[in-house]
Amino acid sequence: MFPFELLNSEASAANLLQQVRWRDGLYCPRCRSASVIKHGSYREYQRYLCKDCDRTFNPKTGTIFAHAKIGLDKLLFAFYALLRFNTSIRQLDAEIDVSYRSLRRRVEQFARTLDAPAIDLVGPVEIDEVYVTAGLKGRERDQESRSRGLSKRGRGSYVEDKPPVFTLVDRGSGQRYVVPAKSADESTVRLLLADRQQESLTVYTDGFRAYDPLEDDENYQRKAVIHSDGEYVDGDAHVNTCESHASLMRRWLSPHRGVSKDKLTPYLRAFRLRCRILRKPGREALKEIVRTIL
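Below or above, wherever it landed, is the structure these notes cover. (Residues numbered from 1 in each chain as written. Predicted model: local features only at pLDDT ≥ 70, side-chain atom pairs only at ≥ 80, totals over all residues. Heavy atoms only, no water.)

**Quick word on the environment of Ser 187**
- When you line up the elements, Ser 187 lands in helix H6 (residues 186-192).
- Sequence separation of Ser 187 and Ala 210 is 23 residues, and the distance between their C-alpha atoms is 8.6 Å.
- For Ser 187, the side chain forms a polar contact with the side chain of Asp 185, separated by 3.0 Å. (Helix = DSSP H or I, 4+ residues; strand = E, 2+ residues; numbered from the N terminus. Polar contact = N/O pair within 3.5 Å; in protein donor to acceptor, adjacent residues only side chain to side chain.)

**Points about the sheet that holds strand S7 (residues 201-205)**
- Spatial ordering of the open sheet is given by S6-S5-S4-S7-S8, a layout of five strands whose pairing is mixed. Each of the sheet's edge strands pairs with one partner strand only, and the pair in question is strand S6 (176-180) and strand S8 (220-224). Neighbour to neighbour, the strand axes of the sheet diverge by 25 degrees on average, direction disregarded.
- As paired strands, strand S4 (residues 125-131) and S7 are joined by two bridges and run parallel to one another. Counterpart to Glu 126 in the pairing with S7 is Tyr 204.
- Set on the sheet, helix H7 (residues 240-253) makes contact with S4, strand S5 (164-170) and S6; between it and S4 the angle comes to about 35 degrees. (Pairing = 2+ DSSP bridges. Axes fitted to C-alpha atoms, helices over the stretch in contact; angles between N-to-C directions. Contact = heavy atoms within 4.5 Å.)

**A few points about the packing of aromatic side chains**
- Per the stated rule, a full pass over the model turns up eight aromatic pairs.
- On the numbers, 4.4 Å between centres and 15 degrees between planes, the contact of Phe 79 with Phe 110 is stacked. Residue Phe 79 is found in helix H3 (residues 72-85), and its partner Phe 110 is found in helix H5 (residues 100-113); the two are separated by 31 residues along the sequence.
- Its relative accessible area of 1% is what places Phe 79 among the buried residues.
- Overall, Phe 110 belongs to the buried group, its relative accessible area being 0%.
- Pairwise contacts between aromatic rings join Trp 22, Tyr 48 and Phe 57 into one cluster.
- Its end group placed over the ring of Tyr 100, Arg 90 keeps NZ or CZ at 3.8 Å from the ring centre. (Phe/Tyr/Trp six-rings, centres within 6.5 Å; stacked < 30°, edge-to-face > 60°. Buried < 20%, exposed > 50% of the residue type's maximum accessible area, 1.4 Å probe, protein only. Lys NZ or Arg CZ within 6 Å of the ring centre and 35° of its normal.)

**Quick look at unusual backbone geometry**
- The backbone of Asn 86 sits at a positive phi, close to 55 degrees, despite the residue not being glycine.
- Within the secondary structure, Asn 86 sits in the loop between H3 and helix H4 (89-96).
- Take Asn 86: its relative accessible area is 13%, and that puts it in the buried class.
- With phi around 55 degrees, Asp 97 is a residue other than glycine that occupies positive phi space.
- Position of Asp 97 relative to the elements: it lies in the loop between H4 and H5.

**Comments concerning the pattern of salt bridges**
- Summed over all chains, the structure comprises 11 salt bridges.
- When the shortest N-O distance is used, the salt bridge between Arg 171 and Glu 126 registers 3.0 Å. Taken together, the positions of Arg 171 in the loop between S5 and S6 and Glu 126 in strand S4 put the pair 45 residues apart, joining distant regions of the chain.
- Among the residues examined, Arg 171 registers a relative accessible area of 30% and is labelled partly exposed.
- Classification of Glu 126 by relative accessible area gives buried; the value is 1%.
- Across the salt bridge formed by Glu 288 and Arg 276, the nearest N and O atoms sit 2.4 Å from each other. Here the residue Glu 288 occupies a position in helix H9 (residues 282-293), and Arg 276 occupies one in helix H8 (residues 264-277), the gap between them amounting to 12 residues.
- In this structure, a network of salt bridges that share partners links the residues Arg 276, Lys 280, Glu 288 and Arg 291. (Salt bridge = Lys/Arg side-chain N within 4 Å of Asp/Glu carboxyl O.)

Set out below in structure tokens:
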């Protein structure tokens, strides 16, 4: 259910931010000192004074919400709707009556705060690649028009505006990773599979030639299904989970009408956060979003 009670005013949103940020105790965001006292207020926000560094702060200090002209309740609504309902920025602009450029800047700033996933494979692992539209969207108008990557047949690359996105599913830990790459080749595959806990990692792939060198490497046990031969499942060998996750990723990118390849990585990190909150109730999902931002 949508957490209306947490976003019905800026005061409610400010209270949520303070609860999540200082759930383990109040401290100064600059010097990390716990020697702080209340020091008046700033609009709907409690202001504090640090006795050690003699500087004031409030719950927004040092976060992406600091100095934002858009109200905190509207920003949290935008982030929640973006992740939960995959709402486009243009639609959010109409819903909360905020300048499109200002909102887009804050959404992109939010996406950049998200950490890159730390890949630690337990195994066995499925790996598959998909190619997405990601050109030069959003560049200055005096530059040449962006090329349309999907007008070309076959596999693409970052230069051709069809960058590959690898999906890894770790059956041992249940983790799923979505990682964009400059090209789909052997070196990229080995780099993605390098962080593993087992000396010999079982890897399930399709028949793409970039995975072929794993056959002769003692560090991997490759089991492949050849789609061109009509083979999609052979016992435990399949990449169906990867393909399912990739289809969700494509749906995530579709409302944004072709993400710029410069911003593809932050948008995919936001997709990973979306997957984490997908089954959580509204209140817990919103708190998870705020915790991730902080």
